[in-house]
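Summary of structural features
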Amino acid sequence: MSLEIKICGLSTAETLEAALGAGADMVGMVFFAPSPRHVDFATAAVLGAQARGRAQIVALTVDADDAALAAILDALRPGMLQLHGRETPARVAAIKARFGLPVMKALGIAGREDLAALAAYESVADRLLLDAKPPRGAVLPGGNGVTFDWNLLAGLDLARPFMLSGGLDPENVANAVRLIHPPGLDVSSGVERGPGIKDPSRIEAFLRAARAAEAEGGARRPSGDTPAGATAIGAKPTPPSPARETSPS
Ligand SMILES: O=C(O)c1ccccc1NCC(=O)[C@H](O)[C@H](O)COP(=O)(O)O
């Protein structure tokens, strides 16, 4: 399976077009009012029509109830739901049963202990999004531009595909691909020129860098086979790049 790349938090026709034109596999729209990337239903309907048939459309929600989910689905008509709140495995299963869409569950990773939650979710979700845990005091559960120690995922072998997420950008994504060979990548802040303001040139640069690293390293390797240029898996943890200064507007 080739590397799947999601550009998240798109909110304008111009930046959505940049992501689609640059070959994004998935495009995410955020339905979370405190986010600078939040889209209203009218905008969602327009962006959904623009993206349909060109990439997987992902609706991103946070602890939304069934009525809110139904309204979002009616507006955006997504192909996938991303649950980025405290949804339990049972809630994930209930949403799948109720709405009949593939579900990607986001999980926050800060330390090895956070990997314990993966098993319960990989049995109910179609895909996992492994994001950095929000920094203390963060307003948003995601989209914070913060990385975590990617070495924590060395040799990770899940029953479901996962997307590496959190603080990725055009400058660091190649190393993430070489180190982890993730099945998927997800980015939001790292392709913006300010909170919620996507930058077409950074979207294009991110996709270009990720695809080049994928071509260089090929498909996912068994653990222990570290390609040249990458930090040896299991070596001294790669210090996360400094959290980007992002503050929700
Ligand atoms: O992006 C947001 O504003 C957001 C708000 C509330 C919940 C989740 C949110 N984003 C989820 C994503 O999938 C982001 O792409 C992911 O957290 C990575 O963000 P970043 O570190 O900025 O690349």
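Preceding this paragraph is the structure being described.
Summary of the structure given here. Each chain has its residues counted from 1, running along the sequence as written. This being a predicted model, a pLDDT of at least 70 is required before a residue's local features are given, and a value of 80 or more before pairs of side-chain atoms are given or counted; all residues contribute to the totals for chains, interfaces and linings. Hydrogens and water are ignored here; the side-chain numbers use all heavy atoms of the structure.

**Comments concerning the site of the ligand**
- It suffices for a single heavy atom of a residue to lie within 4 Å of a molecule or strand for the residue to be listed as near it. With respect to spatial proximity, 24 residues lie near the ligand, and among them Ser35, Arg37, Asp131, Asp186 and Ser189 are the closest.
- In protein, a polar contact means a hydrogen-donor-capable atom and an acceptor-capable atom, both N or O and within 3.5 Å, with residues adjacent in sequence counting only if both atoms are side-chain atoms; elsewhere, any N or O pair within 3.5 Å suffices. Taking Ser35, its side chain carries an N or O atom lying 2.6 Å from an oxygen atom of the ligand.
- Here an oxygen atom of the ligand and a side-chain polar atom of Ser189 are 2.4 Å apart.
- In this description, accessible areas are obtained by the Shrake-Rupley approach with a 1.4 Å probe, and a residue is regarded as covered only by the protein chains that are shown. For the ligand, whose free accessible area comes to 520 Å², the fraction covered by protein is 100%.
- Counted by class, the shell around the ligand contains 8 nonpolar, 12 polar and 4 charged residues. Polar here means any residue outside two lists: the nonpolar Ala, Val, Leu, Ile, Met, Phe, Trp, Tyr, Cys and Pro, and the charged Asp, Glu, Lys and Arg; Gly therefore counts as polar.

**Re unusual backbone geometry**
- Phi is positive for Asp63, which is not a glycine, with a value near 55°.
- With respect to the element layout, Asp63 can be found in the loop between strand S3 (56-61) and helix H3 (66-76).
- Positive phi, close to 45°, is recorded for His181, a residue that is not glycine. Secondary structure elements are taken from DSSP: a helix is a run of H or I of four residues or more, a strand is a run of E of two residues or more, and numbering for both begins at the N terminus.

**Focus: the pairing of strand S1 (residues 4-7)**
- Inspection of the sheet shows S1 paired to strand S8 (residues 184-187) by 4 bridges, in the parallel sense. Within S8, the residue paired with Glu4 across the bridge is Gly184.
- As paired elements, S1 and strand S2 (residues 26-30) share 2 bridges and run parallel to each other. Bridge assignment links Ile7 to a residue of S2, and that residue is Val27.
- Here a crossover is taken to be right-handed if, once the strands point away from the viewer, the path from the first strand over the helix to the second is traced clockwise. For the crossover that starts at S1, traverses helix H1 (residues 13-21) and ends in the parallel S2, the hand is right-handed. At least two DSSP bridges between two strands are needed for those strands to be called paired.

**A word on the packing of helix H6 (residues 173-180) against helix H7 (residues 200-217)**
- Between N-to-C directions, angles span 0 to 180 degrees; the directions come from axes that are lines fitted to C-alpha atoms, helices contributing only their stretch in contact. Interaxial distance between H6 and H7 falls to 8 Å at its minimum, and their mutual angle equals 30°. Considering their axes alone, H6 and H7 lie roughly parallel with respect to each other. At the point where H6 passes H7, the crossing takes the right-handed sense. In contact with Val173, Ala174, Val177 and Arg178 of H6, H7 contributes Phe206, Ala209, Ala210, Ala213, Glu214 and Glu216. These descriptions rest on fixed angle ranges, namely under 35 degrees for roughly parallel, over 145 for roughly antiparallel, 65 to 115 for roughly perpendicular, and the rest for oblique. Less than a right angle of anticlockwise turn of the near helix away from the far helix marks a crossing as left-handed, whereas a clockwise turn marks it as right-handed. We call two residues in contact when some of their heavy atoms are within 4.5 Å.

**Structural notes on the environment of Phe41**
- Positionally, Phe41 belongs in helix H2 (residues 41-51).
- Distance in space between the C-alpha atoms of Phe41 and Gly194 is 23 Å, their sequence separation being 153 residues.
- With residues up to four places along the chain from it excluded, the contact list for Phe41 reads Phe31, Ala71, Ile72 and Ala75.

**Comments concerning the packing of H2 against H3**
- Where H2 contacts H3, the two axes come as close as 7 Å, and the packing angle between them is 45°. Taken together, the axes of H2 and H3 are oblique relative to one another. On H3, the residues touching Phe41, Ala44, Ala45 and Gly48 of H2 are Ala71, Ile72, Ala75 and Leu76.
- By residue class, the composition of the contact of H2 with H3 is 7 nonpolar, 1 polar and no charged.

**Some points on the sheet that holds strand S6 (residues 127-132)**
- Pairing is parallel in the closed barrel, where 8 strands are placed in the order S1-S2-S3-S4-S5-S6-S7-S8. Pairs of neighbouring strands in the sheet enclose a mean axial angle of 25°, with direction left out of account.
- Pairing of strand S4 (residues 80-83) with strand S5 (residues 103-109), which is carried by 3 bridges, proceeds in the parallel orientation. Paired with Gln82 across the bridge in S5 is Met104.
- Along the sheet face, helix H4 (residues 89-99) touches S4 and S5 and points at about 160° away from the line of S5.
- Of the strands in this sheet, S1 and S8 are in contact with H7, which crosses S1 at around 165°.

**Comments concerning the pattern of salt bridges**
- Any carboxyl oxygen of Asp or Glu within 4 Å of a side-chain nitrogen of Lys or Arg constitutes a salt bridge here. Scanning all chains against the criterion turns up 15 salt bridges.
- With its nearest N and O atoms 2.7 Å apart, the salt bridge here joins Asp25 to Arg211. You can see Asp25 sitting in the loop between H1 and S2 and its partner Arg211 sitting in helix H7, a full 186 residues away along the chain.
- Measuring nitrogen to oxygen at the nearest pair gives 2.6 Å for the salt bridge that ties Arg37 to Glu192. Of the two residues, Arg37 is situated in the loop between S2 and H2 and Glu192 in strand S9 (residues 192-194); the sequence distance between them amounts to 155 residues. The exposure classification of Arg37 matches that of Glu192, with both residues buried.
- Bridged by salt links that share partners, the residues Asp25, Arg211 and Glu214 form one connected network. For every residue, the accessible area (1.4 Å probe, protein chains only) is compared with the maximum for its type, and the residue is labelled buried under 20%, exposed over 50%, or partly exposed between those bounds.

**With respect to the nonpolar core**
- The biggest cluster of nonpolar side chains holds 66 residues, and the ones touching the most others in it are Ile7 and Val27.
- In this text, buried Ala, Val, Leu, Ile, Met, Phe, Trp, Tyr and Cys residues form a nonpolar core when linked through side-chain atoms within 4.5 Å. Met26, Met80, Ala106 and Leu129 belong to the second largest nonpolar core, which has 7 residues in total.

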